[in-house]
Amino acid sequence: MNYAASIFRGINDPCTFDYNTMIRGYVNETSFEEALRVYSEMVEEGIEPDNFTYPFVLKACTRLKSIREGKQIHGHVFKHGFEADVFVQNSLINMYGRCGDTALSSAVFEKLESKTAASWSSMVSARAGVGMWSDCLTLFREMCRETGLKAEESGMVSALSACANTGALDLGMSIHAYLLRNISELNIAVKTSLVDMYAKCGCLDKALRIFKMMEGRNSLTYSAMISGLALHGEGEAAVRMFSEMIEQGIESDHVVYVSVLNACSHSGLVKEGRRVFEEMLKEGKVEPTAEHYGCLVDLLGRAGLLEEALETIQNMAVEQNDVVWRSFLSSCRVHQNVELGMIAARELIRLSSHNPGDYLVISNMYAQAQMWEDVARVRTEMANKGLKQTPGFSIVEVKGKTHRFVSQDRFHPQCNEIYKMLHQMEWQLKFEGYTPDVTQVLLNVDEEEKRERLKGHSLKVALAFALLYTPPGSIIRIARNLRMCSDCHTYTKKISMIYEREIVVRDRNRFHLFKGGTCSCKDYW
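- Taking an unreviewed UniProt entry as the reference, the chain is identified by name as DYW domain-containing protein belonging to Brassica cretica.
- UniProt lists a comment for the chain under the heading Sequence similarities (unreviewed entry), and it reads "Belongs to the PPR family. PCMP-H subfamily."

1. What to know about the overall build of the chain
Okay, step 1: What the chain contains, in helices and strands, is 27 helices and six strands.
Okay, step 2: In terms of overall dimensions, the chain is globule-like: its C-alpha atoms have a radius of gyration of 26 Å, near the 24 Å expected for 525 residues.
Okay, step 3: Here the C-alpha coordinates of the chain stretch approximately 85 × 55 × 50 Å along the principal axes.
Okay, step 4: When each of the 525 residues of the chain is scored for burial, the buried share is 49%.
Okay, step 5: Nonlocal contacts in the chain, meaning residues at least 24 apart in sequence, comprise 63% of its contacts between residues at least 6 apart.
Okay, step 6: When the accessible surface of the chain is summed, it comes to about 25800 Å², and 50% of that surface belongs to carbon and sulfur atoms.
Okay, step 7: Averaging the locations of the 60 positively and 66 negatively charged side chains of the chain gives two centres separated by 6 Å.

2. Concerning the packing of helix H14 (residues 219-231) against helix H15 (residues 235-247)
Okay, step 1: One can describe the packing of H14 onto H15 by two numbers: an axis separation of 8 Å at closest approach and a directional angle of 165 degrees. Taken together, the axes of H14 and H15 are roughly antiparallel relative to one another. Pair H14 / H15 crosses with left-handed handedness. Seen from H14, the contacting residues are Tyr222, Met225, Ile226 and Leu229; seen from H15, they are Ala237, Ala238, Met241, Phe242, Glu244 and Met245.

3. So, helix H27 (residues 486-498)
Okay, step 1: For H27, built from 13 residues, the straight-helix expectation of 18 Å at 1.5 Å per residue is met to within 8% by its first-to-last C-alpha distance of 19 Å.
Okay, step 2: For H27, every residue scored as buried is listed here: Asp487, Cys488, His489, Tyr491, Thr492, Lys493, Ile495 and Ser496.
Okay, step 3: With its phi angle positive at about 50 degrees, glutamate 500 sits one or two positions after the end of H27.

4. Looking at the nonpolar core
When a protein is soluble and globular, its nonpolar side chains tend to lie buried together.
Okay, step 1: Counting residues in hydrophobic clusters, the biggest one holds 124 residues, and the most contacted among them are Phe140, Ile175, Met197, Met225 and Phe328.
Okay, step 2: Filtering out sequence-adjacent residues up to four positions away, isoleucine 175 remains in contact with Phe140, Met156, Ala159, Leu160 and Cys163.
Okay, step 3: If you look at the next biggest cluster of nonpolar residues, it comprises 32 residues, including Cys415, Ile478, Val505 and Phe514.

5. Side note on helix H21 (residues 338-351)
Okay, step 1: For H21, which comprises 14 residues, the first-to-last C-alpha distance of 20 Å matches the rise-based estimate of 20 Å (1.5 Å per residue) to within 8%.
Okay, step 2: Of all the residues in H21, the buried ones are Val338, Leu340, Gly341, Ala344, Ala345, Glu347 and Leu348.
Okay, step 3: The secondary structure elements touched by the buried residues of H21 are helix H19 (306-314), helix H20 (322-334) and helix H22 (356-368).

6. Observations concerning the pairing of strand E2 (residues 401-406)
Okay, step 1: Looking at chain direction, strand E1 (residues 393-398) and E2 are connected through six bridges and run antiparallel. Paired with serine 394 across the strands is phenylalanine 405, a residue of E2.
Okay, step 2: Hairpin geometry of E1 and E2 is characterised by an intervening segment of two residues between the two adjacent antiparallel strands and by a positive phi of about 50 degrees at lysine 399.

7. Here's the deal with unusual backbone geometry
What you tend to see is this: most non-glycine residues have negative phi, and most peptide bonds are trans.
Okay, step 1: A positive phi angle, near 60 degrees, is found at threonine 30, a position not held by glycine.
Okay, step 2: Positive phi outside glycine occurs at glutamine 408, with the angle close to 60 degrees.
Okay, step 3: Topologically, glutamine 408 is positioned in the loop between E2 and helix H24 (415-431).

Cut-offs applied
- Residues numbered from 1 in each chain as written.
- Predicted model: local features only at pLDDT ≥ 70, side-chain atom pairs only at ≥ 80, totals over all residues.
- Heavy atoms only, no water.
- UniProt positions renumbered as here; feature names shortened; annotations may be inferred.
- Helix = DSSP H or I, 4+ residues; strand = E, 2+ residues; numbered from the N terminus.
- Rg over C-alpha atoms; globule rule 2.2 N^0.38 Å.
- Buried < 20%, exposed > 50% of the residue type's maximum accessible area, 1.4 Å probe, protein only.
- Contact = heavy atoms within 4.5 Å.
- Areas by Shrake-Rupley, 256 points an atom, 1.4 Å probe, with all protein chains shown as cover.
- Lys, Arg positive; Asp, Glu negative; His and termini not counted.
- Charge placed at Lys NZ, Arg CZ, Asp CG, Glu CD.
- Axes fitted to C-alpha atoms, helices over the stretch in contact; angles between N-to-C directions.
- Parallel < 35°, antiparallel > 145°, perpendicular 65-115°, else oblique.
- Left-handed = near helix turned anticlockwise from the far one by under 90°.
- Expected span 1.5 Å × (residues − 1).
- Core = buried A, V, L, I, M, F, W, Y, C linked by side-chain atoms within 4.5 Å.
- Pairing = 2+ DSSP bridges.

Next up, the structure:
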């Protein structure tokens, strides 16, 4: 680009085509500020932009999250009469959506006279870009009805990301089937999205199969696969894959290091995790961030090395944030170290005093230690600040329909059948030696009340429903928004053996495969 720029400066009267070429070149090499500077110069020189100018300029605004400049350029679009150009409009939809203004993105979309597959893809990608996964899938389904599933690859990639983040395996498989039928050669972005989708939807074997069949892989592909292995508790395989990536000459980036450190954390590979972190510091190509330190703190904390985890936080080379203290607090709660937990709680409230989840972890830590006055104090403070926590829930998909259950759920149409099934499960579990772990009920109530509360945990209700309404021998897949308690973990292991079913549970940020009375996490989670 430097050489191209020197030639451009030698042109006496550069025209629209010349400016467009420079803007496109800077955008393609991710020099987005330079692209906007050249456009600004173009306007100042009185050179008329055309419909090829705006898609690239708006792409630069999108990548920079510069909605202020994007709105100004939208004004230029009106001035120069390109408000009806479908390519320009699609770029505006994407720009507003990815900059977080979904209302303006939708407004531009609704004014389009003819909505092409590219227009729909822009809307889908815009929602995916800001993590609005449910909206993304709703739009994608609507697009399929409108355009007969003739989406562009960018829309497919966004839809696959939404499937990965919502656990919509059936839709993800339908998209994969469509791609195989209609596109002769899938590009690396699509294949990477498929790897990510299958891994995050609990199908690690399929993710590995696609990964191994790929002729070309980049750091994003390896990161998706390493993250997938981490989700499934395959820490040693993730570390081996990381080594393979280095041997292939692919440079590690920020995301890859986070993935491999998470993999070590989920499998208790303290020695390997320390080594990876030290190699990152030694090489110096990737500056450690709070996220990397958070992974290391999580690794040490899960393994019970709380003093070392605290020392790591205090000696961080970057500013401490709420993420590292939250991770440390969680470890203190699990290992029932109230003294260190109080240090974490104090720092966490100082840095982030409006996260209801933090107050609940602090409250639960005190409850485990039976410090009921402190529990009441934390709960009162939470109420005074108007903080409300999203209740824990479990989701199961049956015959293409998603069913969501909360604890003690009595609102489902099949409620009576579900609770009869739960009662039957309880009887069979007794013969297998199952005893409810009432220590998991962090309330100051009697033993009988604790046992009743344990019976209605959302995971157990979802399991009963799935056993009733899925074919015998089929795999049961359940997604949860919170980490499951150890009682539910033991319960599900025994149910997998009694009913001879494979049960896959996504437990917020990892998978558990229950089969024959054992779990893939080896009881380390």
